[in-house]
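# Coordinate analysis (summary)
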Amino acid sequence: MSSSKKQALFIASLIILWYSSNIGVLLLNKLLLSNYGFRFPIFLTLCHMSACAILSYLSIVFFKIVPLQVVKSTPQLLKIATLSVVFCGSVVGGNISLRYLPVSFNQAVGATTPFFTAVFAYLMTFKREAWVTYGALVPVVVGVIIASGGEPGFHLFGFIMCISATAARAFKSVLQGILLSSEGEKLNSMNLLLYMSPIAVLVLLPASLIMEPNVLDVTLELGRKNKYMLLLLLLNSTMAYSANLTNFLVTKHTSPLTLQVLGNAKGAVAVVISIFIFRNPVTFVGIAGYSMTVLGVVAYGEAKRRFR
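Each value, and the rule that gives it
- Residues numbered from 1 in each chain as written.
- Predicted model: local features only at pLDDT ≥ 70, side-chain atom pairs only at ≥ 80, totals over all residues.
- Heavy atoms only, no water.
- UniProt positions renumbered as here; feature names shortened; annotations may be inferred.
- Helix = DSSP H or I, 4+ residues; strand = E, 2+ residues; numbered from the N terminus.
- Rg over C-alpha atoms; globule rule 2.2 N^0.38 Å.
- Buried < 20%, exposed > 50% of the residue type's maximum accessible area, 1.4 Å probe, protein only.
- Contact = heavy atoms within 4.5 Å.
- Lys, Arg positive; Asp, Glu negative; His and termini not counted.
- Charge placed at Lys NZ, Arg CZ, Asp CG, Glu CD.
- Disulfide = S-S within 2.5 Å.
- pLDDT = per-residue confidence, 0-100.
- Axes fitted to C-alpha atoms, helices over the stretch in contact; angles between N-to-C directions.
- Parallel < 35°, antiparallel > 145°, perpendicular 65-115°, else oblique.
- Left-handed = near helix turned anticlockwise from the far one by under 90°.
- Nonpolar A, V, L, I, M, F, W, Y, C, P; charged D, E, K, R; others polar.

Per an unreviewed UniProt entry, the chain goes by the name Sugar phosphate transporter domain-containing protein and belongs to Salix dunnii. Recorded in UniProt under Subcellular location (unreviewed entry), the annotation for the chain is "Membrane".

Have a look at this one:
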């Protein structure tokens, strides 16, 4: 086999693993939070971050998948800690929303991330895009409004948490660009995860014990009743790290534009698979709204590329 074919096969395998990890962790989150009586989104996020902390350390320090980047100052560590807290909020909010919303609608709302990113980028850095680029965001928002009206399983609190999580995710990406903008402070995504994860664990552990006081007893009881529950929790946590690792590798071996296109398609694939698995009802209005949002995101990405 030629080297070009081997490279193409390697990239295709990475993309498949990336899709599997992202969609898998999303579906397992929904399964655990809705179908297994596991009502602890903060503890679930704690499990994810614990797995990310352990596996990041093994991957970078022992297996040397990427070179270790050292935190050089206390101010840089404080910036990473700030990002970690914002990141915790986005993940917890997303997990809470999955208790109340179907995965398909969760993904429709999550597709509005570029809208919030553009808003925060303008408010925090005064960075302006071309008007055509902002115009492409209109169908992104309108599509979610339409999808909300056509969603049979709409839940107001779940919707608020999902919007909050999406906004926090966008805020984190803009904040990361501001806080770690100097050449001496830039970290690749895997090293950033290595330092963010333990901080997230320190934040989430007391939060879970205070806000979910019986989490350990209930989790062990659920594990005794269903032998697969603890295994699914472990698999879910491992896949959360795999999603971050493969996201980094796909970006490294392709391009940010390719990642954006693949990401748009990934959301649609997750919606279709979730409907088949969870059998949640969908309407023509909901599908039309989600389709409009995805097309808006695609148009936004293209406009941003052309008018950069």
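A word on the overall build of the chain. A count of helices and strands for the chain gives 13 helices and zero strands. What you see in the chain, going N to C, is helices and strands ordered as α-α-α-α-α-α-α-α-α-α-α-α-α. Over its C-alpha trace the chain gives a radius of gyration of 19 Å, about what one expects of a compact globule, namely 19 Å for 308 residues. Principal axes of the C-alpha set define a box for the chain whose edges measure 55 × 50 × 50 Å. Across the 308 residues in the chain, those meeting the buried criterion constitute 47%. For the chain, long-range pairs separated by at least 24 residues make up 86% of all intrachain contacts whose partners lie at least 6 apart in sequence. A distance of 8 Å separates the average location of the 23 positive side-chain charges in the chain from that of its 8 negative side-chain charges.

Here we take up the side chain of S148. By secondary structure assignment, the location of S148 is in helix α7 (residues 138–149). On the basis of relative accessible area, S148 is assigned to the buried category, the value being 16%.

The next point concerns the state of the cysteines. Tallied over the entire structure, the rule returns zero disulfides. C52 provides the cysteine sulfur closest to C47, a residue in no disulfide bond, and the two sulfurs are 11 Å apart. Overall, the relative accessible area of 15% leaves C47 in the buried class. C162 takes part in no disulfide bond, and the closest cysteine sulfur to it belongs to C88, at a distance of 18 Å.

Now for the confidence of the model for the chain. Mean pLDDT for the chain: 90, with 99% of residues reaching 70 or above. Confidence, read as mean pLDDT per element, is least for helix α12 (residues 256–278) in the chain (82) and greatest for helix α2 (residues 41–62) (96).

Where α2 contacts helix α9 (residues 189–211), the axes come no closer than 8 Å and their chain directions differ by 150°. Put simply, α2 runs roughly antiparallel to α9. The chirality of how α2 crosses α9 is left-handed. Considered class by class, the residues forming the contact of α2 with α9 number 18 nonpolar, six polar and no charged.

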